[in-house]
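# Structural features, examined
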Amino acid sequence: MGEELDVVAPLTTRLSRLAALDAVCGRLRCPVCGDGLSLGDTTLSCGVGHSYDVARQGHVSLPAPGRRARPAGDSEDMVAARDVFLGGGHYARIVDAVSAAAAAGVEERGVRAGCVVDLGAGTGHYLAGVLRRLDGWSGLALDASRSALRRAVQADPRIAGVVCDAWSGLPVRDGGADVVLSVFAPRNAAEIARILGPSGALVVVTPAEDHLGELVSALGMIGVDPDKPARLLAQLEPHVRLVSTEPVEIAMVLDHAAVAAVAGMGPSAHHVEAGVLLGRVGELPDPVRVSARVVVQTFRRRQGAS
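Calculation rules
Residues numbered from 1 in each chain as written. Predicted model: local features only at pLDDT ≥ 70, side-chain atom pairs only at ≥ 80, totals over all residues. Heavy atoms only, no water. Buried < 20%, exposed > 50% of the residue type's maximum accessible area, 1.4 Å probe, protein only. Helix = DSSP H or I, 4+ residues; strand = E, 2+ residues; numbered from the N terminus. Polar contact = N/O pair within 3.5 Å; in protein donor to acceptor, adjacent residues only side chain to side chain. Pairing = 2+ DSSP bridges. Contact = heavy atoms within 4.5 Å. Axes fitted to C-alpha atoms, helices over the stretch in contact; angles between N-to-C directions. Parallel < 35°, antiparallel > 145°, perpendicular 65-115°, else oblique. Left-handed = near helix turned anticlockwise from the far one by under 90°. Nonpolar A, V, L, I, M, F, W, Y, C, P; charged D, E, K, R; others polar. pLDDT = per-residue confidence, 0-100.

A few words on helix α5 (residues 146-155). Restricting attention to buried positions, one finds in α5 the residues S147, A148, L149, A152 and V153. N-capping of α5 is provided by S145, with a side-chain oxygen placed 3.3 Å from the backbone N of S147.

On to the sheet that holds strand β7 (residues 159-163), then. The mixed open sheet is built from 8 strands, whose spatial order is β4-β7-β6-β5-β8-β9-β11-β10. In this open sheet, the two edge strands, each paired with only one partner strand, are β4 (60-61) and β10 (240-254). The pairing of strand β9 (residues 196-207) with strand β11 (residues 288-301) spans 6 bridges and is antiparallel. The residue of β11 that forms the bridge with V204 is Q297. Contacting β5 (115-119), β6 (138-143), β7 and β8 (177-183), helix α4 (residues 125-133) crosses the sheet at an angle of about 170° to β6. α5 contacts β4, β6 and β7 of the sheet and is inclined by roughly 170° relative to β7.

So, on to the packing of helix α3 (residues 92-107) against α4. Where α3 meets α4, the closest approach of the two axes is 9 Å, and the angle between their N-to-C directions is 50°. By the angle class used here, α3 and α4 are oblique. Crossing angle aside, the handedness with which α3 passes α4 is right-handed. In this structure, α3 contributes I94, V95, V98, S99, A100, A102 and A103 to the contact, and α4 contributes H125, Y126, G129, V130, R132 and R133. Tallied by class, residues from the contact of α3 with α4 come to 8 nonpolar, 3 polar and 2 charged.

What follows covers the confidence of the model for the protein. Here the protein averages 89 in pLDDT, while 91% of its residues score no lower than 70. In this model, residues 1-9 is a region of pLDDT below 50 whose contacts with residues beyond four sequence positions or in other chains number 1 contact.

Turning next to unusual backbone geometry. The peptide bond linking D286 to P287 adopts the cis configuration, its omega dihedral lying at 5°. With respect to the helices and strands, P287 occurs in the loop between α10 (274-282) and β11. Non-glycine residue F184 carries a positive phi angle of around 50°. Examined against the element boundaries, F184 turns out to sit in the loop between β8 and α6 (189-195). The exposure class of F184 is partly exposed, given its relative accessible area of 36%. With a phi close to 55°, L212 is a non-glycine residue in the positive phi region. Position of L212 relative to the elements: it lies in the loop between β9 and α7 (213-219).

A word on the packing of helix α2 (residues 76-87) against helix α9 (residues 256-264). At a minimum axis separation of 8 Å, α2 and α9 run at an interaxial angle of 130°. With respect to α9, the element α2 is oriented oblique. The hand of the α2/α9 crossing is left-handed. Contact with α2, carried on its side by M78, A81, V84 and F85, involves A258, A261, V262 and G264 of α9 and no other residues of that element. Among the residues making up the contact of α2 with α9, the classes are represented as 7 nonpolar, 1 polar and no charged.

Backbone hydrogen bonds hold the strands of a sheet together, and the pairing may be parallel or antiparallel. If you trace the 3 strands from one edge of the open sheet to the other, you get β1-β2-β3, paired in antiparallel fashion. Two strands bound the open sheet, and with one partner strand each, they are β1 (37-39) and β3 (51-53). Taken over all neighbouring pairs, the strand axes of this sheet differ in orientation by 20° on average, direction set aside.

Laid out in structure tokens, this is it:
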């Protein structure tokens, strides 16, 4: 009996992840020719004959032409740190704010069921939170990191994962997204406007200038550019219009393990050697008070945007 369960459980999981991929298949397009994709037993393919293998874990790679090599993405260590920190519930208020913004963005337009596309989805933590709020919706996690997507497809059975490069053409059909999320992630404004449906909403989360300020100088982390809000609007406003802004502040008390995780999951992990970072963490009080400050903004596509 035990051996049968060992076989049935992975098969059931794979079927569930294929079902999630099948649910969003009509939203995807071939990255080579732009044709629609259909799901077979183990591949996604288009009518022209381009074919893409579905990984055993349930995600699929749809690279843009000329980018057959895996695009740069978060390392396994960064993904693991993100899983630990977010799993600790420290950013629960951000998840709630993103979920509320996404729900408000579709409810006022009367969209009852659709697809949430998360750009730079990471472990799927925020996407899963939105799907808990939007019953009957499906989720599409886009990320350059296979390590991240292996976790994202486990975050909610409705999440399908696609490996791609956010700075290239996204493998999503025109108007294929009812909600787009960009949480601490790269933003290709023209592509976002292209994939965002006419009644859809874009929810963007960016760190405020003093985000994690107590740790930035002490650990040698990368700070937030004070011009970031202006650059964000300049980047997005030709394509989408801002409809709401909500600042979110969280007063956290973090032990050394949580501090190491929050530092190790972000861009600072690329610039500070792990041993050096842990040494600096060890010099901090344990626990330490840290303030997370972010801004959650909702945008809508401008009429006539392409």
